[in-house]
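Chain and residue survey
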Amino acid sequence: MKCYPLLSLAVLTLVACDHAAEPETPTDESLAVRRGRILAGYELIELGSLGGEFSHAEAINERGQIVGLSYTASDELHAFLWEAGVMADLNVPGPAVANDISNAGSVTGWYGLGYAKRPFLWRRGVTIDLGALVTDCGSFGQAVSNRGQVVGYSETVCGGGHAGGYSEDHAVLWNRGEMVDLHSAEVDAFSHLSRAYGINNRGQVVGYLGQGSPRAVLWEKGRTVLLGTLATAYYP
C-alpha cells in the first residue's frame, strides 16, 4: 500500500493552517483502526505446537510450507514442518531447529546437544547429516536453495571461540555431499569469523564477516565481495 499522496496532502495542510490548533494525539482506538486498514486482507493463523508451550516459525516457501521449532509435551526441542493446517515433527534427532525450507520442500537447520551441534538437510522424510569442518565442533545449516544447496557456518574452534573471546567460525557451502569452506585467505586477513545466512538459486551466498562491527559480504564464483556499510567510517 502506497501512502505518498497522503503524506503530501498532510504537508500542504500544515502549511495552510500554520496557526491552527495542534492535532489531537491518536487514541488507542484510532490506532487500532489504522492497523486494521493496514492488515486488511490478512488473517492471523495460529500454527500450534508439538505439544509444548512454545513454538517459533522460522521460514516459509512459495507453497505455504512453514518450518521452525517447537517444544514437545515432554519439553524437548524439535524441528517442525507445518502444511495445510497440520504441524508435523520432522523427527530429526533432538534437540533440533529448522531454519529454512526451499520451494522443493527441502529443509535445513541443526540438531544435537552441547558443542557438537550438527547441520542437517531433510528431504522427503530422510535426514542427512551434512558434517562439520572440525569433528566434534558445532556446525549449523541456515539456508537452502531450490537446488538443494545449503549454507551456514562451522566452528573451527570447538565451543564457539577462544579464551580471548573471539570466534573462529567459517562460512560453509554444502553442495551434493561436498563441503566448501568459503572463508578464504582474503577473508581471514580481515577477520577470523565469517557466517553465511542466505543463498539464491544461482548459488550466490550472502552473510557477514567480522566481530564487534561485522561487514556484509557476498560470495559468488569463488570471489568474496565486501558490500560496504552505510557509515562513512568503519572501525574493525
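I will try to describe carefully the structure that is included in this document. It should be emphasised that the depicted structure is a prediction, and the values quoted were computed from it without experimental measurement.

Scanning the model with the defined rule gives 1 disulfide in all. Note on cysteine connectivity: Cys 137 is disulfide-linked to Cys 158, with sulfurs 2.0 Å apart. Between Cys 137 and Cys 158, the disulfide has an S-S torsion of -105° and is therefore left-handed. Here Cys 137, found in the loop between strand 8 (126-129) and strand 9 (139-144), pairs with Cys 158, found in the loop between strand 10 (150-155) and strand 11 (169-175); they are 21 residues apart in sequence, far enough to count as distant. What makes Cys 137 buried here is its relative accessible area of 0%.

Before going further, it helps to spend a moment on the layout of surface pockets. Approximately 300 Å³ is the volume attributed to the largest pocket. As for the largest pocket, its lining consists of 17 residues, and the residues nearest its centre are Gly 203, Trp 219, Glu 220, Lys 221 and Gly 222. Among the secondary structure elements, those contributing two or more residues to the lining of the largest pocket are strand 12 (178-181), strand 15 (215-220) and strand 16 (223-228). In the lining of the largest pocket, the residues fall into 5 nonpolar, 6 polar and 6 charged.

Among the 7 residues of strand 3 (residues 77-83), 6 are classified as buried, and the element is accordingly described as predominantly covered. Pairing analysis gives 6 bridges linking strand 2 (residues 66-72) to strand 3, with the strands arranged antiparallel. Residue pairing across strands places Tyr 71 opposite Leu 77, the latter belonging to strand 3. From the end of strand 2 to the start of strand 3, which pair antiparallel, there are 4 residues, and Asp 75 there has a positive phi angle of about 65°. Sheet topology places strand 3 next to strand 4 (residues 86-89); 4 bridges connect them, and they run antiparallel. Note on strand 4: the bridge partner recorded for Trp 82 is Met 87. Where strand 3 folds back on strand 4, the antiparallel hairpin that results is connected by 2 residues, among which Ala 84 adopts a positive phi of roughly 55°.

Before going further, it helps to examine the sheet that holds strand 2. Here we have 4 strands laid out as an open sheet, ordered 1-2-3-4, and antiparallel in their pairing. The sheet terminates laterally at strand 1 (51-60) and strand 4, the two strands that pair on one side only. Mean inter-strand twist for the sheet, computed between neighbouring axes without regard to direction, equals 35°.

Another point: the environment of Gly 105. Considering the arrangement of structural elements, one finds Gly 105 in the loop between strand 5 (96-101) and strand 6 (107-111). Its relative accessible area of 12% is what places Gly 105 among the buried residues. The spatial distance from the C-alpha of Gly 105 to the C-alpha of Arg 124 is 7.8 Å, given a sequence separation of 19 residues. Other than its neighbours up to four places away in sequence, Gly 105 contacts Asn 61, Arg 63, Gln 65 and Trp 122.

About the cut-offs
- Residues numbered from 1 in each chain as written.
- Predicted model: local features only at pLDDT ≥ 70, side-chain atom pairs only at ≥ 80, totals over all residues.
- Heavy atoms only, no water.
- Disulfide = S-S within 2.5 Å.
- Helix = DSSP H or I, 4+ residues; strand = E, 2+ residues; numbered from the N terminus.
- Buried < 20%, exposed > 50% of the residue type's maximum accessible area, 1.4 Å probe, protein only.
- 1 Å grid on protein atoms, 1.4 Å probe; cavity = no way out; pocket = protein on both sides within 12 Å on 5 of 7 lines; lining within 4 Å.
- Points joined across faces, edges and corners; volume = space filled by probe spheres on them.
- Nonpolar A, V, L, I, M, F, W, Y, C, P; charged D, E, K, R; others polar.
- Pairing = 2+ DSSP bridges.
- Axes fitted to C-alpha atoms, helices over the stretch in contact; angles between N-to-C directions.
- Contact = heavy atoms within 4.5 Å.

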